Amino acid sequence: MKYKLDDYKVGEIAKFYGVSVDTVRFYDRKGVLKPEKKSDNNYRTYNKEEFISMDYIMRLRSLGISIENIKKMASNISLEESLEVVSETEREIEAQIRQLENQRRMIKGYKAKLKDCAERYGVVTMEQSPAFIIKDIKTTMKETMDAFEKLQLSTLPLLGILIDSERYDDMELYNCFIDRAQRQKICNYIVAASDYEGISKKPDFPAEEFEIIPPRRCVHIIGMDYTNIDYSSIKPIYDFIDTNHLKIIAPPFLRILALENRGDAGVEYTEMWIPVE
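First, a word on what this report is: a plain description of the structure on this page. Please read all numbers here as calculations on a predicted model, not as lab measurements.

## Describing helix α2 (residues 21-30)
Of all the positions in α2, only Val24, Tyr27 and Asp28 are classed as buried. Buried residues along α2 cover an arc of 105 degrees about the axis, so they all sit on one side. The outward face of α2, more than 90 degrees from its buried face, is lined by the exposed residues Asp22 and Arg29. On its buried face, α2 sits against α1 (10-17), β3 (44-46), α3 (48-62) and α4 (67-73). Once α2 finishes, Gly31 follows within two positions and takes phi at roughly 85 degrees, a positive value.

Structure below.
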């Protein structure tokens, strides 16, 4: 359709701008377009003024400006007020960019964890653990994750398990862990995020909302276990501790890294950290 000084029907103006008829009618309902009704057939028609208004709407929408703000800008407000509306949108976009950049950092970190699951499961290592920021799930998972989101971490918070047992310094704990009934008694589910950036050390960190597991010398393993069926993949870490005569000095800590569906059984990839002297 070549533009001409004429009246247009809703389908014509929609086609010209590459939007649906419903979109044009939505703008009508919001009051940013005000087409006339023909008295003879009651059809809505769009004249030159509405055509220009539609063009203005499309330009502003391409900038991410909301319909509500477009309506303000198309009303009787000054250029200074329009400038403030555009500046507000700019601030919103900058916040979204920061959020997306943080999500990208999280994705990079999680990709590395998935790679470890594929390449390092079953391998026992001695290494320094990062600090972990942890939070009990006292109400709902949503409230727990909302609290982590406020920290603006660059690592993904994951479901974890703290072993709640006074007996953590021998193989008896392993025997408890592989027994389902005993496991339910000693496992305390939490959410945990690794703190590589030292967020927990900042003055404004909400220490009253979280607990911190400090960096420690640990024996580490990524296990591949069948959910509620077989957790024997963590046995090598206890064998390693026993063979090397290491002393466990704090309860083990686990995080669930990934899940995999294998027919009738679900598979958990978990990392386990056991602090030792």
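Structure shown, so let's carry the discussion forward.
## Side note on unusual backbone geometry
One non-glycine residue, Gln152, adopts positive backbone phi at about 55 degrees. Along the polypeptide, Gln152 turns up in the loop between α6 (141-149) and β6 (158-163). In this structure, His245 is a non-glycine residue whose phi angle is positive, near 55 degrees. By the element assignment, His245 lies in the loop between α9 (235-243) and β10 (253-262).

## So, the side chain of Asp195
Inspection of the secondary structure puts Asp195 in the loop between β7 (187-194) and β8 (211-213). Buried and without a salt bridge, Asp195 has Lys201 as its closest oppositely charged side chain, separated by 7.5 Å. With near-sequence residues (within four places) excluded, Asp195 lies in contact with Ala131, Ile133 and Ser200.

## Some points on the sheet that holds strand β11 (residues 265-275)
Read across the sheet, eight strands follow the order β4-β9-β11-β10-β6-β7-β5-β8 without closing on themselves; strand pairing throughout is antiparallel. Each end of this open sheet is capped by a strand with a single partner; those strands are β4 (125-128) and β8. Pairs of neighbouring strands in the sheet enclose a mean axial angle of 40 degrees, with direction left out of account. Sheet contacts for helix α5 (residues 79-120): β4, β6, β9 (217-226), β10 and β11; angle to β10, the most-contacted strand, approximately 75 degrees. Contacts between α9 and the sheet are confined to β4, β9 and β11, with β9 contributing the most and set at about 150 degrees to the helix.

## A few points about the pattern of salt bridges
Overall, the coordinates contain nine salt bridges when judged by the stated rule. When the shortest N-O distance is used, the salt bridge between Asp116 and Arg120 registers 3.9 Å. One end of the pair, Asp116, and the other, Arg120, are both in helix α5, four residues apart, so they sit about a helical turn from each other. Glu127 is paired through a salt bridge with Arg120; the nearest N and O atoms lie 3.5 Å apart. A cluster of three or more residues bridged by salt bridges with shared partners is formed by Lys113, Arg255 and Glu271.

## A short note on α5
A rise of 1.5 Å per residue sets the reference length of α5, with its 42 residues, at 62 Å; its end C-alpha atoms lie 61 Å apart and thus fit the reference within 8%. Every buried residue belonging to α5 is among Ser82, Val85, Ser87, Thr89, Asn102, Met106, Lys113 and Cys117, and all of these are buried. Those residues of α5 hidden inside the fold are in contact with α4, β9, β10 and β11. Gly122 occupies a position one or two residues after α5 and carries a positive phi of about 90 degrees.

## Comments concerning a positive patch on the surface
Residues Arg104, Arg105, Lys108 and Lys111 make up a contiguous surface patch of positive charge. Tracing the backbone shows Lys108 in helix α5.

So, how was this worked out
Throughout this document, residue positions are counted from 1 along each chain, in the order its sequence is written. Given that this is a predicted model, residues contribute local features only at a pLDDT of at least 70 and side-chain atom pairs are listed and counted only at 80 or more, while totals for whole chains, interfaces and linings are drawn from all residues. Calculation of side-chain values draws on the structure's entire complement of heavy atoms; hydrogens and water are dropped beforehand. The buried label goes to any residue with under 20% of its type's maximum accessible area, the exposed label to any with over 50%, and the partly exposed label to all in between, with areas taken from a 1.4 Å probe on protein chains only. A run of H or I in DSSP becomes a helix once it reaches four residues, and a run of E becomes a strand once it reaches two; helices and strands are each numbered from the N terminus. Note that the arc is computed from the directions linking the helix axis to the C-beta atoms. The contact criterion used throughout is that any non-hydrogen atoms of two residues lie within 4.5 Å. In this tally, Asp and Glu contribute negative charge and Lys and Arg positive charge; neither His nor the terminal groups of the chain are included. By definition, a salt bridge exists where a carboxyl oxygen of Asp or Glu is found within 4 Å of a side-chain nitrogen of Lys or Arg. Any two strands between which DSSP finds at least two bridges are classified as paired. Orientation is described by axes fitted as lines to C-alpha atoms, over the contacting stretch for helices, and by angles from 0 to 180 degrees between their N-to-C directions. To estimate the expected span of a helix, subtract one from its residue number and multiply by 1.5 Å. Patch membership requires over 30% relative accessible area and the absence of a salt bridge. Like charges are linked within 9 Å, and nonpolar side chains (Val, Leu, Ile, Met, Phe, Trp, Tyr) within 5 Å. Note on areas: Shrake-Rupley with a 1.4 Å probe; residue coverage comes only from the protein chains shown. Here the site of a charge means NZ on Lys, CZ on Arg, CG on Asp, or CD on Glu.

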